[in-house]
Amino acid sequence: MADPVKMLKLVKNDDAFILDKLLKHDKKSSCNFGSRHVSSSYKKQTDEIDKIPFNILIAEDNKINAELMKAIIESSAPQKFSINEASVKFNIIIAEDGKKALDIVFSPINIDLIILDLMMPLINGFDVLEKIRSCGSFGNPVGNIPVLIVSALNESSIISKGIELGANDYIAKPIVKNIFKSKVNSLINLKKLHDTLENSENIIMSLALAIEAKDKYTSGHSKRVSILAYNFGKYLGLHKEDCLLLKRAGCIHDIGKIGIPNDILNKTEKLSDNELNLIRNHSITSSDICKPLISLKKESYIVRYHHERFDGNGYPGELNCQNIPYLSRVLSIVDSYDAMTSDRPYRQALTMEAALFIFENEKNSGQWDPEIVNEFIKFINL
Ligand SMILES: [Fe+2]
């Protein structure tokens, strides 16, 4: 095992830190956008996508009401339920009690919309809704399924309770066909919009993991940073949304290295000033890649400053102390810890104890926020 004191010199050296990574570009793979077959295959593909059904769960113990809602949806011309597409195929599932509804929601079927009665046997609609929405705080897609409450209970306190618990809309019984259709239509489009945003995020996350997976030294780094940052955020008592921000930022923080040539990333000799600047620019590139996605705006901000130092000698902004975003300071420590405890081309991995030894001895060196380092040491020692 490497000597932690000897390793300290390497760990503190930005060049060494940055040289963690060996990215290999596959020059053989390139896309041919000039094919004349594109239009026909594209049409075929979009036709196939249109056939993917939109799964609607009707949680309703009254069989007549359930069948009525099902009939309204099925009898409507498909385009009436979709602003952007010519056809949407509906797969409607009926659950006659709250327990069955939850079983279906948490089954492998991807439910796209829930129409929810409040008074149901076994588990009532409020409890069903609460259970579903509690998943959203932890990034489970189930937590974001649109919910339309359909209920005979129409007191304002009941309606507001449903909305506060996370229902997207409410409709009173007896059902008025046109109002029901317009509300279902609205929530279908909301779900589609959400799916589009989520797909864009997933592409960036997958790209980030794919880039580093090509090299044995960097493989898994972002995923480990993502998970550790999320758990450290929870330990610090941060808001769930901030923990999720750390999770996503951890995943994409080094995506900007995609723009750095291999020969620079793999260089073992001292880097020139130009090369060093290019590498140091990766935090800005990571940030800029995410910036066009409004849903990753905060992550883009955190990632931009993950190489700032507490003493103001970091990059890109040479920000110091509290001027560095708090979550960037947290991410920086987790990033450093994972770099220390992973094998690198130029050194072996440090043990957890050796890495903590460095943090303990260097917490006032100016690299990291000493208060957060103290908490991190306690967190790792748990
Ligand atoms: Fe980085």
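For the structure itself, consult the block above.
Everything in this summary refers to the structure shown in the same document. (Residues numbered from 1 in each chain as written. Predicted model: local features only at pLDDT ≥ 70, side-chain atom pairs only at ≥ 80, totals over all residues. Heavy atoms only, no water.)

### Examining the sheet that holds strand β2 (residues 90-95)
In step 1: Taken in spatial order, the five strands make up an open sheet running β2-β1-β3-β4-β5, and their pairing is parallel. Either end of the sheet is taken by a strand with one partner, and the two such strands are β2 and β5 (169-172). Sheet twist, expressed as the average angle between the axes of neighbouring strands with direction ignored, equals 20°.
In step 2: Bridge analysis of strand β3 (residues 113-116) against strand β4 (residues 147-151) gives three bridges, and the strand direction is parallel. Residue pairing in the sheet places Ile-114 in a bridge with Val-147 of β4.
In step 3: Where helix α4 (residues 63-75) meets the sheet, its contacts fall on β1 (54-59), β2, β3 and β4, and the angle it forms with β2 comes to roughly 175°. (Pairing = 2+ DSSP bridges. Helix = DSSP H or I, 4+ residues; strand = E, 2+ residues; numbered from the N terminus. Axes fitted to C-alpha atoms, helices over the stretch in contact; angles between N-to-C directions. Contact = heavy atoms within 4.5 Å.)

### Quick notes on the nonpolar core
In step 1: Counting 43 residues, the largest nonpolar core has Ile-252, Tyr-337, Phe-359 and Phe-376 as the members making the most contacts within it.
In step 2: If you list the elements that add at least two residues to this core, you get α8 (177-213), α9 (221-235), α10 (240-252), α14 (297-304), α15 (326-340), α16 (352-362) and α17 (370-380).
In step 3: Discounting chain neighbours no more than four positions away, the residues touching Ile-252 are Ile-204, Met-205, Ala-208, Ser-286, Cys-290, Glu-299 and Val-303.
In step 4: Formed by 25 residues, the second largest nonpolar core is a distinct cluster that contains Ala-59, Leu-102, Ile-111 and Val-142. (Core = buried A, V, L, I, M, F, W, Y, C linked by side-chain atoms within 4.5 Å. Buried < 20%, exposed > 50% of the residue type's maximum accessible area, 1.4 Å probe, protein only.)

### Let's talk about the packing of aromatic side chains
In step 1: Applying the stated rule across the entire model yields eleven aromatic pairs.
In step 2: Each ring, one from Phe-54 and one from Phe-90, has its centre 6.3 Å from the other, and the planes form 80°; the classification is edge-to-face. Of the two residues, Phe-54 is situated in strand β1 and Phe-90 in strand β2; the sequence distance between them amounts to 36 residues.
In step 3: A residue is classified by how much of its surface remains accessible, and Phe-90, at 16% relative accessible area, is buried. (Phe/Tyr/Trp six-rings, centres within 6.5 Å; stacked < 30°, edge-to-face > 60°.)

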